[in-house]
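The residues making up each chain are set out below.
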Amino acid sequence: MMSKTLTRPILALYLLLSLLPIYWMLNMSLKTNEEIVGALTMWPSNLTFDNFKTIFTDPSWYDGYINSILYVVINMVLSVAVALPAAYAFSRYSFLGDKHLFFWLLTNRMTPPAVFLLPFFQLYSTVGLMDTHLAVALAHMVFNVPLAVWILEGFMSGIPKEIDETAYIDGYSFPKFFVKIFLPMIKSGVGVTMFFCFMFSWVELLLARTLTSVNAKPIAATMTRTVSAAGMDWGVLSAAGVLTIVPGALVIWFVRHYIAKGFAMGRV
């Protein structure tokens, strides 16, 4: 086994290399464009918060964050709501083709988003869902629901079936048993599932950019359109990148214990 004297420097180097891009993006967000494209400096010579001010005062920027958060939240709620009963069925019942169906769900998660791009575009254009938050949320469910079912099924399979039978003997209906007894027992699994649903929807760009144009355009799409006649606005783009990291960091902070438990159970 690797000794601690060797492990610590390696971990420190890995941490440094991991944080360096984040620091450099923060460093650029506090500079003017002239300083960014000029001499290389490790910290701002003339500290400025104008780039962040632009993000918070320009609707074309902060609307992107609002749109992204809206469809991500919708996707998380719908994905978990659909995956919970499906995962319960896979964990508690045996039926014809259950293993094949479970594998088919996972193959959907492995499919590149570009495969579904044209069908979604034509379908949403027909039913009038283009450029809506629901359109992106439903499209992302194709990829998040299989992953959610897979994660939740692992947590549910760790709960003894005798608990279900005891609850029925005590007079609990299934909805009451599921909400009051079963769901609290797998809350860590729900937390892990919502985290992974959030991560996919928050960083996914192809579907979100294609299925939206104005009213529901996400921040990721806005960040790809910062080129103007004056050139690339590096400072504002860096500030937007820093603010894009914040929601993900907050989600990780709140579900960090659940994620650790998920890794311990071998399902994540």
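Numbers given to residues run from 1 along each chain, matching the order in which its sequence is written. Where totals are concerned, whole chains, interfaces and linings use all residues; where local detail is concerned, this predicted model gives features only for residues with pLDDT of at least 70, and gives and counts side-chain atom pairs only at 80 or more. Hydrogens are left out, water is left out, and the side-chain values use all remaining heavy atoms of the structure.

1. Some remarks on the environment of alanine 137
Consideration 1: In this fold, alanine 137 is placed in helix α7 (residues 133–157).
Consideration 2: Relative accessible area serves as the criterion here: at 0%, alanine 137 is assigned to the buried category.
Consideration 3: Separated by 24 residues in the primary sequence, alanine 137 and proline 113 have C-alpha atoms spaced 13 Å apart.
Consideration 4: Contacts of alanine 137, omitting those with residues within four sequence positions, involve Tyr71, Ile74 and Asn75. Strands are runs of DSSP state E lasting at least two residues, helices are runs of H or I lasting at least four, and both sets are numbered from the N terminus onward. A 1.4 Å probe rolled over the protein chains alone gives each residue an accessible area, and that area as a share of the maximum for its type sets the label: buried under 20%, exposed over 50%, partly exposed in between. Note on contacts: a residue pair qualifies if any of its non-hydrogen atoms lie within 4.5 Å across the two residues.

2. So, the packing of helix α8 (residues 162–169) against helix α9 (residues 174–185)
Consideration 1: Packing of α8 against α9 brings their axes to within 10 Å, and their N-to-C directions diverge by 140°. Taken together, the axes of α8 and α9 are oblique relative to one another. Crossing hand, α8 versus α9: right-handed. On α9, the residues touching Ile163, Asp164, Ala167 and Tyr168 of α8 are Phe174, Phe177, Ile181, Phe182 and Met185. As a rule, the C-alpha atoms of each element are fitted with a line to give its axis, helices using only the stretch in contact, and angles between N-to-C directions run from 0 to 180 degrees. For this classification, under 35 degrees means roughly parallel, over 145 means roughly antiparallel, 65 to 115 means roughly perpendicular, and everything else is oblique. What makes a crossing left-handed is the near helix being turned counterclockwise from the far one by less than a right angle; a clockwise turn instead makes it right-handed.

3. Overview of the layout of surface pockets
Leftover empty space is mapped by rolling, across the atoms, a probe with the size of a water molecule.
Consideration 1: Here a cavity is any set of points on a 1 Å grid over the protein atoms alone where a 1.4 Å probe fits but cannot get out, and a pocket is any open set with protein on both sides within 12 Å along at least 5 of 7 lines; a residue lines the site when it has an atom within 4 Å of a point. Grid points are joined across faces, edges and corners, and a volume is the space filled by probe spheres set on the points. Taken as a whole, the largest pocket holds about 170 Å³ of empty space.
Consideration 2: Forming the boundary of the largest pocket are Phe90, Ser91, Arg92, Tyr93, Ser94, Asp98, Lys99, Phe102, Glu153 and Lys161.
Consideration 3: Where the lining of the largest pocket is concerned, the elements lending two or more residues are α4 (59–92) and α5 (98–110).
Consideration 4: Any residue outside Ala, Val, Leu, Ile, Met, Phe, Trp, Tyr, Cys, Pro, Asp, Glu, Lys and Arg is labelled polar, Gly included; the first ten of those are nonpolar and the last four are charged. Residue composition of the lining of the largest pocket, grouped by class: three nonpolar, two polar and five charged.

4. Considering unusual backbone geometry
Consideration 1: Positive phi, close to 60°, is recorded for aspartate 131, a residue that is not glycine.
Consideration 2: Here aspartate 131 lies in the loop between α6 (113–127) and α7.
Consideration 3: With relative accessibility at 12%, the residue aspartate 131 sits in the buried group.

5. Details of the pattern of salt bridges
Consideration 1: Salt bridge, as used here: a side-chain nitrogen of Lys or Arg that lies within 4 Å of a carboxyl oxygen of Asp or Glu. Enumeration according to the criterion identifies one salt bridge in this entry.
Consideration 2: Among the salt bridges present, the one from aspartate 164 reaches arginine 92, with a minimum N-O distance of 3.1 Å. Placement of aspartate 164 in helix α8 and of arginine 92 in helix α4 is noted, with a sequence separation of 72 residues between them. Comparing aspartate 164 with arginine 92, the two get one shared label, buried.

6. Some points on the confidence of the model for the protein
Consideration 1: The predictor attaches a confidence to each residue, and that confidence, scored 0 to 100, is pLDDT. When pLDDT is averaged across the protein, the result is 86; 93% of the residues are at 70 or more.
Consideration 2: When pLDDT is averaged over each helix and strand of the protein, the minimum, 56, is found for strand β1 (residues 227–228) and the maximum, 92, for α4.

7. So, the nonpolar core
Across soluble globular proteins, nonpolar side chains have a tendency to be buried as a group.
Consideration 1: Among the nonpolar cores identified, the biggest contains 44 residues, and Ile55, Leu84, Val149, Met156, Phe182 and Ile186 are the most heavily contacted of them.
Consideration 2: Elements with a minimum of two residues in this core: α3 (50–57), α4, α5, α7, α9, α10 (187–203) and α13 (234–264).
Consideration 3: With eleven residues, the top contributor of residues to this core is α4.
Consideration 4: Once residues lying within four places of it in the same chain are set aside, the contact partners of isoleucine 186 are Leu84, Phe155, Met156 and Ile159.
Consideration 5: Tyr124, Ala135, Phe200 and Leu207 belong to the second-largest nonpolar core, a separate cluster that totals nine residues. Here the nonpolar core consists of buried residues drawn from Ala, Val, Leu, Ile, Met, Phe, Trp, Tyr and Cys, with membership extended through side-chain atoms lying within 4.5 Å.

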